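Examining the three-dimensional arrangement
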Amino acid sequence: MTQTVDEAVWAILHEALRLYQDSPRATSWLRHHIGRFDSPLRIAVAGRPGSGKSTVVNAVVGDEVAPIEVDGPVFTWYQDGPQPRATVYMRQGPPGEPPIVRVGRRMDIDLSGFESGGMTRIVVDWPARVLRDATLIDTPPIADEISEQIAAEADALLYLTPQVHVMDVRYLQSTQDHPVARAAPVNSIMVLSRADEVGGGRIDSLSTAKQISRRYRRDARIRGLCQNVVAVSGLIGQAGRTMPEEEYQSLAALAAAPRAQTEELLLTADRFTRSEHVLPVSTRRELADRLGMVGIRLATTLIRQGADSRTKLASELVQRSGLNELRDSIGRLFVDRREVLKARSALLGLDVVLRMEPRPGAAKLVTDVERVLAGAHEFHELRLLGGLLSGRTRLPEELGLEAQRLIGGYGTDLDARLGFDREPTQAEVQNAIYDALARWREQSENPMLGSAERDAARVVVRSCEAMLI
Amino acid sequence: MTAATWLEVLDQTIGASVVHHRPDLAERLRAKRAQLLDPQIRVLVIGEANQGKSQLVNALVSASVCAVGDDVTTVAPTIVRYAEKPAATQLLHDGTGAEPQRMPLPVDQATNRGGDAVTTEVRIPRKILAAGLVIIDTPAIGNLHQLRAQSTFSALSGADAVLLATDASHELSATELELLRHVRRSCPTILVALTKIDLTTRWRQIADRNREHLSKAGIPAAVVPVSSALRLRAVAKDDEALNVESGFPELIERLRTDVLPVASNPSSRQNFAAMTGTALAELVGQVKKELAARPDDRNSPAVAEYMDAQQKMADLKRRSAKWQNVLNDEMADLIADLEYDLRDRTRRILREVDRAFDEADPAKTWDQFEEWLNENLTEAARTNFDWLIERSWWVADRVAECFPERQDLVPGTVIPSDADLDPGDTERPRLEKFTAGQKVFSGLRGSYGGVLMFGLITSLAGLPLINPISIGAGLALGGKSIGEEGETRLKRRQQLAKSTAQRHVDDFFLRFSKDCKDAARRIQRGLRDHFAELAEQLQQRVADAASAAQRSAQAELSARQRRDQELRQALTQLRELHGQITRIAGALPASSRNPLEISA
């Protein structure tokens, strides 16, 4: 491959900067985008009111950092930093730094010194592993101006919804209502949040939610709009990730009690928090808040079934919550493809300049942008990876795994793509590539496969060809 | 207020809806009418996906009558009503006909969603239903299957009360509030059931927030927190305390106090009044719009046609003057040109004749000459006549061009193709020849003078009168006189021949030019007749079209006036109906809550 998409876009951005050097507005906008190119990936967490945005942010970060209760639409950015630190940006006046402390796994922030309606953005530096790869943006509930801001500031989108509603589909469609976005619909993952509430409180609700998400992945109305659909219970996932020992002990005590008695107690949230029990009311209340009734029922069942330590229970809860799947999707579809998504955002930004300030010399840039969009193999790779992960595109078992590997689903460097776990010789690499190329060429014309699968095979062939150069 | 009055008003409104081409309104009102005359009270259970609607219905009647599932489950409405004995029927498409078939099925399989059910109807013996309550479970609103939601909206108009199911885990969403606002227009009795309160500790706050949202949105609806799971468990265990905890007794009480009285007329009629009022207002709006949107007179097609016809008429008149001028001018030109041409040709022939007879002796060449002359004249006549024909066709074309649609059909009889070209026989001139006797006589006459003259001269010299000299002189003179005589006669013959030829040519010219002129005039007359007829036909046609257009324009105008009149009458009638409705609504106690607004 002579030039990767991010290199191509980088070159175009600098050319645009040269062309627009006399326009201060365009220059600052372009500089902003060039600056963004090197910053961590920005993932916006968006959804309708009550779709569980903050819960998912907490579950992904692993600490209780959201929500920060303020009035008005405020974007909260969570980025990596050595110490907890917060910067509040105001509509008017200079930004300020409110006091912020870490209490156990919770974040405590004091915003009393700020006018509550005037804040536009809070940037929180928080030491967390996941934030090193990507900045999370907790957004206000979806509204027109909010979605524009999301489109302008975020590279990737986690769209949360408890139920797929017409409004959700409309919103996702609106995010693709742009030529650049349409050409590369690779930046969103739909999350069926609040998965624990699906089954009317039964403990198998999480697996039911997974089935529903699988159905949506193949739904014709959804699959073009996002890379994957993942069912997640943020509440249970976060509870699993952050479970303290005493919480485990309380749950274990519940599980150890006679089954009928516990069942009676767990019948309703009211009974659980208000009736007489050996556990103090405050503990029970906290349990109900942190796990939800479904979570408590699930946890007690799991303990009875043999999750006899905190770590076992926690990992079981995290596993079942779908959080691992979500993190995997974020990792493979967003973080690993950081450059591609950054390039996509930069193209969107550049497009704004080209449209707002058209000038004669810009014609070449327009064609360059179009060329990158049409030719960028990375977009196709990423789209196919999303398809393979979500089951939207289905290849026979082994082929599917190999395709994922070749298009960079397990790492985008040459060795990872070719599946070498040791240092291969030059000849071995060559042989492996030629071998893959030949086999996938065959697949791309295999009459037993459907047209979508043959298209997928063609993408793999191109990936192989790109490795040769 | 008697029942007959409101029924009458309703019937009239339905009639008006039909008249004003609003079958949708009529349908809605008819459904309302049937509903008002029906003692049953229909409660529609609505809500977004997975808010526990079906479970709510199951819990209400404490039986599993609706399918419950985790994904999108309810795809067709289930109607639950009272019966002594349990029974269930399913209305479904069996795949053969367009009409759905009614299929009875066992009650315990009512939740079985096999096939393509349109509706499922379940009848069970329950106290709560005995009062005439009919509970309808509907497919979710706002999920991706829009078609299914459509049926819910259409069912709304038939509902006496609406029960919105909303999950206790979240506050009422914007879409739910919007839905309630929509519902309120056709059905003011609304209850909000906060379901699944067993799953969250926060349901009390949520319930309070929901009440706030509702009052802010101006929707008078009570929020009843319930737990279907508890209720079903309570029923299964026959646990009264659990039943109370489930919140269902309160919900049933609410249904009894808020919904059942709907059937005992007044407040239901208020609902009806609101609905009829809305329908009437819509009709009034429509009629007004129709009145306002009367098309401009000039835009009417009939009027446009009439104007067009008149335009054509004027156009035709202008053209008819023009074509006549063209015909006259062209024909006059043609005649003049023809005459000149003929004259020119005959002159050339005459000059030729002159030249020929300057040399030749007509006595010898006359026959030959005559042939030549006739040939030439015939040739000239033909050329001249051909030209006439050609020019005549051209003129006909020019005239035809004056007509709006080109009329190429000049009949062939108008312009002759043949003419009498025979120049006739020449009158043969009397050509005196110089006979031998005349020659002798002339010779003698000339020689006599010579003999005498020279005889006298020589007699002086003593010679006799007749001597060789005088005889010689006489011979010479005689010869000369013969020669001179011959010359003179030739000249005379030539002159004669010339004049004869000239006369002949003149005759020919006179006759033929007369013929030509006649032919031209005949052509002119023929063309004039033809085109005059054509023009008349055209005029007639245009005039017919104009009068037809005028008639239709007038008919349209009167139709429009009639329609205006009708619309105004309809408007008055509708307003009257509306007044009656307002009076009926005014007679109801709770009318102030539902003010009717109409701008007349």
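Since we're looking at a predicted model, the values are computed, not measured.

Parameters at a glance
Residues numbered from 1 in each chain as written. Chains lettered and ligands numbered in written order. Predicted model: local features only at pLDDT ≥ 70, side-chain atom pairs only at ≥ 80, totals over all residues. Heavy atoms only, no water. Helix = DSSP H or I, 4+ residues; strand = E, 2+ residues; numbered from the N terminus. Rg over C-alpha atoms; globule rule 2.2 N^0.38 Å. Buried < 20%, exposed > 50% of the residue type's maximum accessible area, 1.4 Å probe, protein only. Contact = heavy atoms within 4.5 Å. Areas by Shrake-Rupley, 256 points an atom, 1.4 Å probe, with all protein chains shown as cover. Lys, Arg positive; Asp, Glu negative; His and termini not counted. Charge placed at Lys NZ, Arg CZ, Asp CG, Glu CD. Axes fitted to C-alpha atoms, helices over the stretch in contact; angles between N-to-C directions. Parallel < 35°, antiparallel > 145°, perpendicular 65-115°, else oblique. Nonpolar A, V, L, I, M, F, W, Y, C, P; charged D, E, K, R; others polar. Buried area = accessible area lost by both parts, 1.4 Å probe. Salt bridge = Lys/Arg side-chain N within 4 Å of Asp/Glu carboxyl O. Polar contact = N/O pair within 3.5 Å; in protein donor to acceptor, adjacent residues only side chain to side chain. Domains from an automatic or database assignment. Pairing = 2+ DSSP bridges. Core = buried A, V, L, I, M, F, W, Y, C linked by side-chain atoms within 4.5 Å. Right-handed = clockwise from strand over helix to strand, strands pointing away. pLDDT = per-residue confidence, 0-100. Expected span 1.5 Å × (residues − 1). Arc of directions from axis to C-beta.

Our next topic: the overall build of chain A. Regarding its fold elements, chain A presents 23 helices and 10 strands. Over its C-alpha atoms chain A spans a radius of gyration of 24 Å, differing by no more than 12% from the 23 Å that the globule rule assigns to 469 residues. Taking the principal axes of the C-alpha coordinates as reference, chain A spans close to 75 × 60 × 45 Å. Among the 469 residues that make up chain A, the fraction classed as buried is 56%. Looking at chain A alone, contacts between residues at least 24 apart form 74% of all its contacts between residues at least 6 apart. About 20,500 Å² of surface is accessible on chain A, with carbon and sulfur atoms providing 51% of the total. Between the averaged position of the 59 positive side-chain charges in chain A and that of its 63 negative side-chain charges there is a distance of 3 Å.

Here we come to the packing of helix α2 (residues 24-38) of chain A against helix α17 (residues 338-356) of chain A. All names here are of chain A. Between α2 and α17, the least distance of the axes is 9 Å, while the angle of their chain directions is 175 degrees. By the angle between their directions, the pair α2 and α17 is classed as roughly antiparallel. Residues A26, W29, L30, H33, R36, F37 and D38 of α2 form the contact with α17, whose participating residues are R338, K342, A343, S345, A346, G349, L350, V352 and V353. When its residues are assigned to classes, the contact of α2 with α17 shows 9 nonpolar, 3 polar and 4 charged.

Quick look at the interface of chain A and chain B now. Contact with chain A, which involves 36 residues of that partner, is made by 26 residues of chain B. Here chain A and chain B share an interface that buries about 2,500 Å² over both sides, 48% of which is from carbon and sulfur atoms. At the junction of chain A and chain B, the tally comes to 3 salt bridges. Here A:D270 and B:R204 are joined by a salt bridge, their closest N and O atoms 2.7 Å apart. Our count for the chain A to chain B interface comes out at 9 residue pairs in polar contact (both at pLDDT 80 or more). Breaking the side of chain A that touches chain B down by element, the ones donating at least two residues are α6 (166-175), α8 (205-218), α9 (220-223), α12 (259-265), α13 (269-274) and α14 (281-304) of chain A.

Take the domain arrangement of chain B next. All names here are of chain B. Taken domain by domain, chain B comprises domain 1 (3-286) and domain 2 (299-434 + 493-579). Taken together, the contact pairs 9 residues of domain 1 with 5 residues of domain 2. Taken over both partners, the interface formed by domain 1 and domain 2 buries close to 700 Å², and the fraction arising from carbon and sulfur atoms is 79%. On the domain 1 side of the contact with domain 2, H20, L280 and V284 bury the most area, a combined 61% of that side's loss. In this assembly, domain 1 and domain 2 are joined by 0 salt bridges. Linking domain 1 to domain 2 there are 0 residue pairs in polar contact (both at pLDDT 80 or more).

The subject of this paragraph is the sheet that holds strand β7 (residues 134-138) of chain A. Residues and elements named next belong to chain A. Across the sheet, 8 strands lie side by side as β3-β6-β2-β7-β1-β8-β9-β10; this open sheet has mixed pairing. Edge positions in the sheet fall to β3 (85-90) and β10 (228-231), since each of these pairs with one other strand and no more. Each neighbouring strand pair of the sheet contributes to a mean axis angle of 20 degrees, computed without reference to strand direction.

Attention now goes to the pattern of salt bridges. All names here are of chain A. In this structure the tally under the stated criterion is 59 salt bridges over all chains. Among the salt bridges present, the one from E15 reaches K364, with a minimum N-O distance of 3.2 Å. Taken together, the positions of E15 in helix α1 (residues 5-19) and K364 in helix α18 (residues 362-375) put the pair 349 residues apart, joining distant regions of the chain. R85 is the salt-bridge partner of E97, the closest N and O atoms lying 3.0 Å from each other. Of this pair, E97 sits in the loop between β3 and β4 (100-103) while R85 sits in strand β3, and the two are 12 residues apart along the sequence. Judged by its relative accessible area of 39%, R85 is partly exposed.

Attention now goes to the pairing of strand β6 (residues 133-137) of chain B. All names here are of chain B. Most of β6 sits inside the fold, with 5 of its 5 residues counted as buried. The alternating pattern of β6 places L133, I135 and D137 on one face and V134 and I136 on the opposite face, and all of these are buried. Of the strand pairs in this sheet, strand β1 (residues 41-46) and β6 are connected by 5 bridges, and their pairing is parallel. By the bridge assignment for β6, R42 is matched with V134.

Residues and elements named next belong to chain A. Where helix α3 (residues 53-61) meets helix α16 (residues 323-335), the closest approach of the two axes is 11 Å, and the angle between their N-to-C directions is 80 degrees. Classified by the interaxial angle, the pair formed by α3 and α16 is roughly perpendicular. Side by side, α3 and α16 meet where V56, A59 and V60 of the first sit next to L323, L326 and R327 of the second. In terms of residue class, the contact of α3 with α16 is built from 5 nonpolar, no polar and 1 charged.

A few words on the environment of A:I137. Residue and element names in this part refer to chain A. Along the chain, I137 turns up in strand β7. Exposure remark for I137: the relative accessible area of 1% places this residue in the buried category. Along the primary structure I137 and E264 are separated by 127 residues, whereas in three dimensions their C-alpha atoms are 41 Å apart. If we skip the residues at most four places from it in the chain, I137 touches R42, I43, A44, V45, F75, T76, W77, E153 and A154.

Moving on, we get to the side chain of A:E153. All names here are of chain A. Within the fold, E153 resides in helix α5 (residues 144-153). Given a relative accessible area of 15%, E153 falls into the buried group. The contacts of E153, once residues within four sequence positions are left out, are R36, R42, W77, R121 and I137.

Among soluble globular proteins, nonpolar side chains are generally buried collectively. All names here are of chain A. The biggest cluster of nonpolar side chains holds 97 residues, and the ones touching the most others in it are L158, L326, F334 and W440. Among the elements that take part in this core, α17 stands out by supplying 9 residues, more than any other. Once you skip the residues sitting within four places of it in the chain, F334 turns out to touch L41, I43, A156, L157, L158, V186, N187, S188, I189, S329 and L341. Counting 55 residues, the second largest nonpolar core, distinct from the first, contains F75, I137, Y171 and L266.

On to the pairing of strand β8 (residues 190-195) of chain B, then. All names here are of chain B. The element β8 is extensively covered by neighbouring structure, given that 6 of its 6 residues are classed as buried. Judged by which residues are buried, β8 turns out to be covered on both faces: I190, V192 and L194 on one side and L191, A193 and T195 on the other are all buried. In this fold, the crossover linking strand β7 (residues 161-167) to β8 by way of helix α6 (residues 174-186) has right-handed handedness.

Considering every residue of chain B, the mean pLDDT works out to 79; 85% of them sit at 70 or more. For residues 589-600 of chain B, every residue scores under 50 in pLDDT, and the model assigns this stretch 19 contacts once sequence neighbours within four places are set aside.

Attention shifts here to the side chain of A:S205. For A:S205, the position within the fold is in helix α8. When residues no more than four places from it in sequence are discounted, the contact partners of A:S205 are A:A195, A:D196, A:V198, A:G199 and A:V294.

Glancing now at the environment of B:A281. Along the chain, B:A281 turns up in helix α11 (residues 266-292). The spatial distance from the C-alpha of B:A281 to the C-alpha of B:G472 is 149 Å, given a sequence separation of 191 residues.

So, on to helix α7 (residues 203-217) of chain B. Look at α7(B): 20 Å from first C-alpha to last across 15 residues, which is about the 21 Å you get at 1.5 Å a residue. Those residues of α7(B) lying buried are B:W203, B:I206, B:A207, B:N210, B:H213, B:L214 and B:A217. Down the axis of α7(B), the smallest arc covering the buried residues is 120 degrees, so these residues share one side. Looking at α7(B), the residues exposed on the side facing more than 90 degrees away from the buried face are B:S215 and B:K216. Buried residues in α7(B) make contact with α13 of chain A together with β7, α6, β8 and β9 (221-225) of chain B.

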